[in-house]
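Per-entry structural report
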Amino acid sequence: MTDVEAWIGTFGGSTRGEIHELIATNRERIHHFPDVHAKAIISDDTAVVGSANLTEKGVVGRTEIGVRFTDDERVDELNEWFDRLWSESGPVDSGELDEFVESSSSTPTTHTESGTSLSSDAPRVSATFVEDTELTTEDIDADEEAHETLVHRVQQASNREWATDFFDLLNDLIAVTGLAEDDARLVTSIAQDDRIVVSINNRYVLGALFSGEPTTGFIVGADTENVDELIETADEHMAFNALSGEDTDETPHWVEFTGKPERMVSQSFRRAWISAVYDELERASGSPYQDSHEPLVHRVAVDKKYRNKVLQEAF
């Protein structure tokens, strides 16, 4: 997974031709994600993260730095990071690739100078520094009532695995958007007895609903490919009301599915979901529902130690 435009543009001559052939031959195994510049090699039990480009010169011809991880928690975290980016991106279009290579400057450059570009479903890069803090007993004691309420909501899930899948989805949403727990646009709520819902500005974007068989709800845009078919296969569907200045035929949809939260999140569905989330981010600078915000829901998604505590108490 890489920024294919930058990869091609960095090399010229026969090397560019070899890269072109490599991508064309292995198209399904190479995903284009614009502006991704990370360097990592990750397996099931080890990972290396560093500054070196994965080229001969980058590995043996420069002074670089890298860190090898063998700790299961860190390796799992890196695998989750890769899987998320992989699911949000896709292979390049063969025709676009040929045209891009043909129209690119023959001189290698770190700046894209082609008259064409490669399309991508990947979301815009939203990088933030994340403070690595550990949950303390004092943190929980400070709001014991909210903690107990959260545990009660989680107990309504089918099982621990179901709850884990849901919080993984919420963690992905937070990672993609970079939303901090105190962002005015975000509301993570347990105010209602039968649900855990996540809103951005004026609309739900993700929810765990427990009024009957547990379901997971998602926002998807009206312009989502095959949206009518998606609505038809959903267990529940709702069209949002149009907001001020929004055409009724452009309003997003809310779809719910029973079963494991992860089962319905194919790559194409995930891209549609995240795209709709980004649309909601840009609609306003704050949610009118901040009174219902419970930061511990954000914490249970991103903090593995706290999540384990909640799940152990719930199940």
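To keep things clear, this report deals only with the structure shown in the data block. One numbering rule holds for all chains: residues counted from 1, following each sequence as written. The predicted nature of this model means local features are confined to residues of pLDDT at least 70 and side-chain atom pairs, given and counted, to a pLDDT of 80 or more, with totals for whole chains, interfaces and linings taken over all residues. Excluded from the side-chain calculations are hydrogens and water; all other atoms, namely the structure's heavy atoms, are used.

1. A short note on the overall build of the chain
Helices and strands together make up the secondary structure of the chain, namely 12 helices and 9 strands. Only C-alpha atoms enter the radius of gyration, while the globule expectation follows 2.2 Å times N to the 0.38, with N the number of residues. Its C-alpha atoms give the chain a radius of gyration of 22 Å, near enough to 20 Å, the size a compact globule of 315 residues would have. Once the C-alpha set of the chain is aligned to its principal axes, its extents read approximately 65 × 50 × 35 Å. Out of the 315 residues in the chain, the part that is buried amounts to 43%. In the chain, the share of contacts with a sequence separation of at least 24, taken over all contacts with a separation of at least 6, comes to 70%. Surface exposure of the chain reaches about 17100 Å², of which carbon and sulfur atoms provide 45%. Residues counted as positive are Lys and Arg, residues counted as negative are Asp and Glu, and His and the chain ends are not counted. One atom stands in for each charge, and that atom is NZ of Lys, CZ of Arg, CG of Asp or CD of Glu. Each charge class in the chain can be summarised by its mean position, and for the 25 positive and 65 negative side chains these summaries are 4 Å apart. Going along the chain from the N terminus, every DSSP run of H or I of four or more residues is numbered as a helix, and every run of E of two or more is numbered as a strand. Only protein chains enter the accessibility calculation, which uses a 1.4 Å probe; a residue whose area is less than 20% of its type maximum is buried, one above 50% is exposed, and one in between is partly exposed. Contacts are assigned to residue pairs with any non-hydrogen atoms lying within 4.5 Å of each other. Only the protein chains shown count as cover for residues, and all accessible areas are computed by the Shrake-Rupley method using a 1.4 Å probe.

2. Some details on the pattern of salt bridges
Close approach of charged atoms lets side chains of opposite charge pair. Every case where a carboxyl oxygen of Asp or Glu lies within 4 Å of a side-chain nitrogen of Lys or Arg is listed as a salt bridge. By the definition in use, this model includes 17 salt bridges. With its nearest N and O atoms 3.4 Å apart, the salt bridge here joins arginine 153 to aspartate 193. Within this pair, whereas arginine 153 is found in helix α7 (residues 144-155), its partner aspartate 193 is found in the loop between β4 (186-189) and β5 (195-200), the two being separated by 40 residues in sequence. Using a relative accessible area of 56% as the deciding quantity, one classes aspartate 193 as exposed.

3. Section: the packing of aromatic side chains
Two aromatic rings, drawn from Phe, Tyr or Trp (for Trp, its six-membered ring), form a pair once their centres lie within 6.5 Å of each other, and the interplanar angle then sorts them: stacked below 30 degrees, edge-to-face above 60, tilted otherwise. What the rule picks out here adds up to 9 aromatic pairs. Ring geometry for phenylalanine 82 versus tryptophan 86: centroids 5.7 Å apart, planes at 25 degrees, classification stacked. Here the residue phenylalanine 82 and the residue tryptophan 86 both occupy positions in helix α4 (residues 72-88), the gap between them amounting to 4 residues, near one helical turn. Aromatic pair tryptophan 162 and phenylalanine 166: ring centres 6.3 Å apart, planes at 15 degrees, arrangement stacked. Residue tryptophan 162 and its partner phenylalanine 166 are both found in helix α8 (residues 160-177); the two are separated by 4 residues, about one turn of the helix. Here the two residues tryptophan 162 and phenylalanine 166 agree in accessibility, since each one is buried. Each member of the aromatic cluster is reached from another via a ring pair, and the members are Trp162, Phe166, Phe167 and Phe210.

Keep in mind that these numbers describe shape and distance, not what the molecule does.
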